[in-house]
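Analysis of the macromolecular model
These are the residues of each chain, in order.
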Amino acid sequence: MPIDKFVKLESTCVPLPIENVDTDQIIPARFLKATTREGFGDNLFADWRYDKSGNPKKDFVLNDTTYSGKVLVAGQNFGSGSSREHAAWAIVGYGFKAVVSSFFADIFKNNSLNNGLLPVQVSKEFLEELFQAIEKDPQAKVEIDLDNQKITLLPTGKSESFDINPYKKKCLLNGFDDIDYLLNINDEIEAWEKAHD
Amino acid sequence: MAGKTLFEKIWDKHVVTKVEGGPSVLYIDRHFVHEVTSPQAFAGLRDRGIQVRRPEKTVATADHNIPTLGQDQPIRDELSRFQVNKLAQNCEEFGVDLYGLNHKWNGIVHVIGPELGITRPGMTIVCGDSHTSTHGAFGSIAFGIGTSEVEMVMATQTLLQNKPRTMRINIEGDLQNGVVSKDIVLYIISQIGTGGATGYFVEFAGSAIRSLSMEARMTICNMSIEMGARGGMIAPDETTFEYVKGREFAPKGAEWEKALTEWRQLPSDEDAVFDKELNYKAADIEPMITYGTNPGMGIGISQSIPKLEDIEKSTQATFKKSMQYMDFQPGDAMIGKKVDYVFVGSCTNGRIEDLRAFASFIKGKKKADNVTAWIVPGSHQVEAQAEEEGIRQILEEAGFEMRQPGCSACLAMNDDKIPEGNYAVSTSNRNFEGRQGPGARTMLASPLTAAAAAITGKITDPRDFL
């Protein structure tokens, strides 16, 4: 089944300058009882976003109308902890298309790529510049160009290239999904099984 | 040419093919499934109109979302009941063996795999749960995956994976009295941080590791994800073989002899080269306790929380947020801090040796009045053994309650939630904000340190009692 394509994105950013944001913060475990992929966006960062009665906490960035956009910019080691793909579903469900950080946890990175959400790993310095630019002007935009693997802070023109596995890049650019790929090489898998079972 | 590591030997043997310029197609020997991360994967198969490719290599259990009291009754929480029932329907429809609620083999997925002999050296093992790294203690490649990958393995019995780099962490020498495997792993994470092994597959080695029991080894590999590692593993040896031998699904007779010959070839060659090696002395490790909101924020129990100026500048904001959440002051001593709850259980420390260690510590003593304690066995088999060995009786005489098996307060998906603002000493694996319930404050420690806290009602050095 095809995933959403990602080619190029120009957007304002939502800053979350906290390190080690774990998947329990992205989507707390008590929301994992659903049996479909939909609806997790409403509970993205639930315990930071809402008070006990479910009212939005004014000081949390998602409740601050100053900031909006399809790019979440977060402190280093984003997505550590549990393997729950619900974290990626929540971020995508909220409307983000890319997450920028200086470091991502492994499983989260895989889960994101499998849902058309692009993790953009930048240097610590570039991340700091991004945070400063957004603080200075919440309307500051970035351009993320997957084909050229480049992120540009538009107000300054400063850019940095980022890494992505060539196979995953192709999947995202074209909306291909891993399972279709693997189902197409069934003969090779069968041959391997015959030789090893 | 340099020799091969344990990891490389298993990895290379399981590569079906390699995508040009991309990941490898890795064949998966065993797929564990549970109720929380599988429903969307089964639905995906249904949408594609395909089956589980190798149901006999797949096994399911219900553990994350089940109550630890009254398991003979229908689950009260509607969403939990629906999810657990959904797993049963899916397993029925797709022909997957399910050790569901009340099955004699039910329990936490990372407890039952090893105890049933399903987990064995040399295998590739995955599950939609990050603590799948536990199974690496047997000298297997075991790691957690997301739900799209769960569907991938169900559909094709393979996984697209980039080969991680290799790291070896050596712990040499003898452990101090009162220091156990949980302390070793909390110590390592406190040294390298929660991202210290990201991108790596870690082999734990050295004389201190070799001298550990299988269950103690599982505790260490279990928490390798908390240092960011893709997985952790330990070379199989006589301790491993002795543990596996005779278990329900272990090979028997001539098959066993054949397996042994293969397994003995697995340990890393002497001239194998790792991308990174770290060395620690066992004697430097104290009983550990965490003070913050990630597993890397741990210290020896006799030490004090770091001062703000000791924290790297870029991390200070995160550190302050963490202190605020815990309501601790930088520089505070941990000894003497009050404890409201004690939780013993989880895939980290919910095995029989953990219950034995806890029970022998508290035997003849009394639980502190200010402490609520939940002792949750990791499986029905652990529960039955605890019963047989008189552990339940020892616990009850000291004022403790032993519950029914499940993941319980480790992630608080069920009713086992630590109330807001309360302090818990927990033998589980994560002290993230809200992990054990909204507003719950978690301090991770070993079963011995948990026992000392349960008896005194405050953070106490377990060595004071030894």
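Everything numeric here is computed off the predicted structure, so don't read it as measured data.

Next up on the list: the overall build of chain B. The secondary structure content of chain B amounts to 16 helices and 19 strands. At 21 Å, chain B has a C-alpha radius of gyration in line with the 23 Å of a compact globule built from 466 residues. Taking all 466 residues of chain B together, 67% fall into the buried category. A separation of at least 24 residues holds for 76% of the contacts in chain B among residues at least 6 apart in sequence. Entry remark: accessible area of chain B is about 15900 Å², with carbon and sulfur atoms responsible for 46%. Positive and negative charge centroids in chain B, built from 49 and 60 side chains respectively, lie 2 Å apart.

Let us now look at the pairing of strand β6 (residues 124-127) of chain B. All names here are of chain B. What you see with β6 is no split at all: T124 and V126 on one side and I125 and C127 on the other are buried throughout. Taken together, the three bridges between strand β3 (residues 30-34) and β6 define a ladder with parallel strand orientation. When the sheet's bridge partners are listed, F32 is paired in β6 with C127. When β6 meets strand β7 (residues 141-144), the two strands line up parallel, connected through four bridges. When the bridges of β7 are listed, V126 appears paired with F143.

Take the side chain of S11(A) next. Residues and elements named next belong to chain A. One can find S11 in strand β1 (residues 8-16). Here the side chain of S11 touches K70 through a polar contact of 2.8 Å, landing on its backbone nitrogen. Apart from the residues lying within four places of it in its own chain, the contact partners of S11 are G69, K70, V71, A140, K141 and V142.

Below, the discussion takes up the confidence of the model for chain B. This prediction gives chain B a mean pLDDT of 97; 100% of its residues lie at or above 70. In the model output, the complex is listed with pTM 0.97 alongside ipTM 0.96.

To continue, consider the pattern of salt bridges. A side chain of one charge can pair with a side chain of the opposite charge if their charged atoms are brought near each other. Tallied over the entire structure, the rule returns 36 salt bridges over all chains. In this structure, K168(A) engages D178(A) in a salt bridge whose closest nitrogen and oxygen atoms are separated by 2.8 Å. Of this pair, K168(A) sits in helix α6 (residues 166-174) while D178(A) sits in helix α7 (residues 178-184), and the two are ten residues apart along the sequence. Both residues of the pair, K168(A) and D178(A), count as buried. One continuous salt-bridge network, built from bridges that share partners, spans R37(A), E85(A), D177(A), D180(A), R48(B) and E151(B).

Here the focus is the interface of chain A and chain B. Counting from both sides, the interface comprises 55 residues of chain A and, opposite them, 68 residues of chain B. Buried area between chain A and chain B, both sides added, is near 5000 Å², and the carbon and sulfur share of it is 55%. Per-residue buried area on chain A facing chain B is highest for K33(A), T35(A) and W192(A); these three make up 15% of the total on that side. The interface formed by chain A and chain B includes eight salt bridges.

Before going further, it helps to examine the packing of aromatic side chains. All names here are of chain B. With the rule as written, the count across this model stands at 23 aromatic pairs over all chains. Measuring from ring centre to ring centre gives 5.7 Å for Y187 and Y280, while their planes differ by 85°; the resulting arrangement is edge-to-face. You can see Y187 sitting in helix α6 (residues 181-192) and its partner Y280 sitting in strand β12 (residues 276-281), a full 93 residues away along the chain. Each member of the pair, Y187 together with Y280, is buried. Summarising the aromatic geometry, the rings of F328 and Y423 are spaced 5.4 Å apart at their centres and angled 10° between planes, so their arrangement reads as stacked. Taken together, the positions of F328 in the loop between α11 (316-326) and β15 (341-344) and Y423 in strand β18 (residues 423-426) put the pair 95 residues apart, joining distant regions of the chain.

Turning to the sheet that holds strand β11 (residues 231-233) of chain B, a few remarks are in order. Residues and elements named next belong to chain B. If you walk across this open sheet you meet the four strands as β11-β10-β9-β12, and the pairing is parallel. Looking at which strands have only one partner, the edges of the open sheet turn out to be β11 and β12. Recorded for the sheet is a direction-independent mean angle of 20° between the axes of neighbouring strands. The pairing of strand β10 (residues 200-205) with β11 spans three bridges and is parallel. Bridging from a neighbouring strand, F201 pairs with G231 of β11.

Residue and element names in this part refer to chain B. Between helix α2 (residues 39-48) and helix α5 (residues 147-156), the shortest axis-to-axis distance is 8 Å and the interhelical angle comes to 50°. Judged by the inter-axis angle, α2 sits oblique to α5. As α2 packs across α5, the resulting crossing turns out to be right-handed. Touching Q40, A41, F42, G44, L45 and R48 of α2 are T147, V150, E151, M154 and A155, all from α5. Taken together, the residues of the contact of α2 with α5 sort by class into six nonpolar, three polar and two charged.

Among the nonpolar cores identified, the biggest contains 108 residues, and F45(A), F78(A), L118(A), I144(A), V342(B) and F358(B) are the most heavily contacted of them. The element that contributes the greatest number of residues to this core is helix α16 (residues 447-456) of chain B, accounting for seven residues. Ignoring sequence-local partners within four residues, the contact set of I144(A) consists of F6(A), V7(A), K8(A), L9(A), V71(A), A98(A), V100(A), L118(A), V120(A), K150(A), I151(A) and F162(A). Y167(A), M152(B), I171(B) and A197(B) belong to the second largest nonpolar core, which has 89 residues in total.

Residues and elements named next belong to chain B. Of the positions making up α11, those classed as buried are Q316, T318, F319, S322, M323, Y325 and M326. Those residues of α11 that are buried are in contact with β18 and β19 (441-444). Backbone geometry just downstream of α11 places D327 in the positive-phi region, at approximately 55°.

It is worth spelling out the sheet that holds β19(B) at this point. All names here are of chain B. In space, the five strands of this open sheet follow the order β17-β16-β15-β18-β19, with parallel pairing throughout. Of all the strands in the sheet, just β17 (401-402) and β19 have a single pairing partner and so form its edges. Two elements, β15 and strand β16 (residues 372-375), share four bridges in a ladder whose sense is parallel. The partner of V344 across the bridge, within β16, is I375. Helix-sheet contacts for α11 involve β18 and β19, and the interaxial angle to β19 is about 105°.

Moving on: the packing of α2(B) against helix α3 (residues 78-94) of chain B. Helices that pack against each other are described as a pair by the angle of their axes relative to one another and the distance between those axes. Residue and element names in this part refer to chain B. Closest axis-to-axis distance for the α2/α3 pair is 10 Å, and the angle between their directions is 35°. α2 and α3 meet at a crossing whose hand is left-handed. In this structure, α2 uses P39, F42, L45 and R46 to contact α3, whose residues at the interface are Q83, K86, L87, N90, E93 and F94.

Residues and elements named next belong to chain B. Looking at the element boundaries, F343 is found in strand β15. By relative accessible area, F343 is classed as buried at 0%. In this structure the C-alpha to C-alpha distance between F343 and P447, which are 104 residues apart in sequence, comes to 9.0 Å. Ignoring anything within four residues of it in the chain, the contact list for F343 reads W374, V376, C407, S408, A409, C410, V425, S426, T427, S428 and Q436.

Here is what the cut-offs are and how they apply
Residues numbered from 1 in each chain as written. Chains lettered and ligands numbered in written order. Predicted model: local features only at pLDDT ≥ 70, side-chain atom pairs only at ≥ 80, totals over all residues. Heavy atoms only, no water. Helix = DSSP H or I, 4+ residues; strand = E, 2+ residues; numbered from the N terminus. Rg over C-alpha atoms; globule rule 2.2 N^0.38 Å. Buried < 20%, exposed > 50% of the residue type's maximum accessible area, 1.4 Å probe, protein only. Contact = heavy atoms within 4.5 Å. Areas by Shrake-Rupley, 256 points an atom, 1.4 Å probe, with all protein chains shown as cover. Lys, Arg positive; Asp, Glu negative; His and termini not counted. Charge placed at Lys NZ, Arg CZ, Asp CG, Glu CD. Pairing = 2+ DSSP bridges. Polar contact = N/O pair within 3.5 Å; in protein donor to acceptor, adjacent residues only side chain to side chain. pLDDT = per-residue confidence, 0-100. Salt bridge = Lys/Arg side-chain N within 4 Å of Asp/Glu carboxyl O. Buried area = accessible area lost by both parts, 1.4 Å probe. Phe/Tyr/Trp six-rings, centres within 6.5 Å; stacked < 30°, edge-to-face > 60°. Axes fitted to C-alpha atoms, helices over the stretch in contact; angles between N-to-C directions. Parallel < 35°, antiparallel > 145°, perpendicular 65-115°, else oblique. Left-handed = near helix turned anticlockwise from the far one by under 90°. Nonpolar A, V, L, I, M, F, W, Y, C, P; charged D, E, K, R; others polar. Core = buried A, V, L, I, M, F, W, Y, C linked by side-chain atoms within 4.5 Å.

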